[in-house]
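Results of the structural survey
Each chain, letter by letter, is given below.
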Amino acid sequence: MNASSLVDPSLVQELVDANRILYNEGVLDAFGHVSARHDKHRDRFLLAANLAPALVGPDDILEFDLDGSPVVDTRRRLYVERFLHAEIYRARPDVMAIVHSHSVAVLPFSVSQRARLRPVCHMSGFLGSGAPVFDIRDTAGPATDLLIRDRELGAALAKSLDRHAVVLMRGHGSTVVAPSIRLAVYRAVYTEVNARVQLQAEQLGPITFLTVEEADATAESNEANVDRPWLLWQAKARLGST
Ligand code: MN
């Protein structure tokens, strides 16, 4: 860990595990990233250097301020889209961890002009009334590379996210937030699962979605059990890396 201040080493290890789990569970591939808010400085966050998530180790975790600048000078390459993490931590004091991915089942919902990603099963109640879609064109016009390359774009994404747990990014992917690393990983995995199920259900005809009240109630029940999937996924990821 290349940090200026004492971060709880277990937080760094949890973030390393999150990187490997998200790769293992098919949410991240060579791209995408996961971050955690610093446990002692609320205006800083931890994020890996520019690497494929499955290759991230403790020494690759860097500390950033809310402008997206590394706290300690580094020669390492950085993720271009670190500004999405910075601006969400700035806008959402409740958020302690963020996953940004390009997971494939979610992508159709980022471009559809008709369908919205909404909770179809009790494992994804955190989707609430449905995930908003951020269209970068509304902020930066029709000729960007779709990446969140600066603070302004990060702030616009955070505004679209609003109080939701998930925001889709048109033609790009999605960003998931949570009050812990474990919950962010859980929500990222089940955002992808919900998207797959919703796409399948769509083939059968009209869909009955969870009500907002069911969404809230199921989220509360399932998220209290987050350690169960976390320990399974962690064991699988560690087995896979030996
Ligand atoms: Mn991206």
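Presented here is a report on the structure given in the accompanying data block. Only a predicted model underlies this, so the values are computations on that prediction, with no experimental measurement involved.

1. Thoughts on empty space enclosed by the protein
Think of a ball as big as a water molecule: rolled over the atoms, this probe shows where empty space is left. Tallying each qualifying case throughout the model produces 2 cavities of 30 Å³ or more. Taken as a whole, the second largest cavity holds about 40 Å³ of empty space. Taken together, Phe134, Ile136, Leu146, Ile148, Met169, Arg170 and His172 make up the full set of residues lining the second largest cavity. Partitioned by chemical class, the residues of the lining of the second largest cavity number 5 nonpolar, 1 polar and 1 charged.

2. Re the environment of Arg76
One can find Arg76 in the loop between β3 (61–65) and α2 (82–91). For the pair Arg76 and Asn50, spaced 26 residues apart in sequence, the C-alpha separation works out to 7.5 Å. At 2.9 Å, the side chain of Arg76 forms a polar contact with the side chain of Asp60.

3. Brief notes about the sheet that holds strand β1 (residues 33–37)
On the basis of which strands lie adjacent, the open sheet formed by 7 strands has the order β3-β2-β1-β4-β7-β6-β5 and mixed pairing. Looking at strand neighbours, the two that pair on one side only are β3 and β5 (133–134), the edges of this open sheet. Sheet strands in contact with helix α5 (residues 151–161) are β5, β6 (166–169) and β7 (173–178), and its direction is about 125° off that of β6.

4. Here we look at the pattern of salt bridges
The full count for this structure, using the stated rule, is 17 salt bridges. We note a salt bridge from Glu202 to Arg114, for which the minimum N-O separation is 2.7 Å. With a gap of 88 residues between them, Glu202 in helix α6 (residues 181–204) and Arg114 in the loop between α3 (107–111) and β5 connect regions that are remote in the sequence. Take Glu202: its relative accessible area is 30%, and that puts it in the partly exposed class. For Arg114, a relative accessible area of 65% puts it in the exposed group. Here Arg149 ties to Asp145 by a salt bridge, and the two come within 2.7 Å at their closest N and O atoms.

Reading the values: the criteria
- Residues numbered from 1 in each chain as written.
- Predicted model: local features only at pLDDT ≥ 70, side-chain atom pairs only at ≥ 80, totals over all residues.
- Heavy atoms only, no water.
- 1 Å grid on protein atoms, 1.4 Å probe; cavity = no way out; pocket = protein on both sides within 12 Å on 5 of 7 lines; lining within 4 Å.
- Points joined across faces, edges and corners; volume = space filled by probe spheres on them.
- Nonpolar A, V, L, I, M, F, W, Y, C, P; charged D, E, K, R; others polar.
- Helix = DSSP H or I, 4+ residues; strand = E, 2+ residues; numbered from the N terminus.
- Polar contact = N/O pair within 3.5 Å; in protein donor to acceptor, adjacent residues only side chain to side chain.
- Pairing = 2+ DSSP bridges.
- Contact = heavy atoms within 4.5 Å.
- Axes fitted to C-alpha atoms, helices over the stretch in contact; angles between N-to-C directions.
- Salt bridge = Lys/Arg side-chain N within 4 Å of Asp/Glu carboxyl O.
- Buried < 20%, exposed > 50% of the residue type's maximum accessible area, 1.4 Å probe, protein only.

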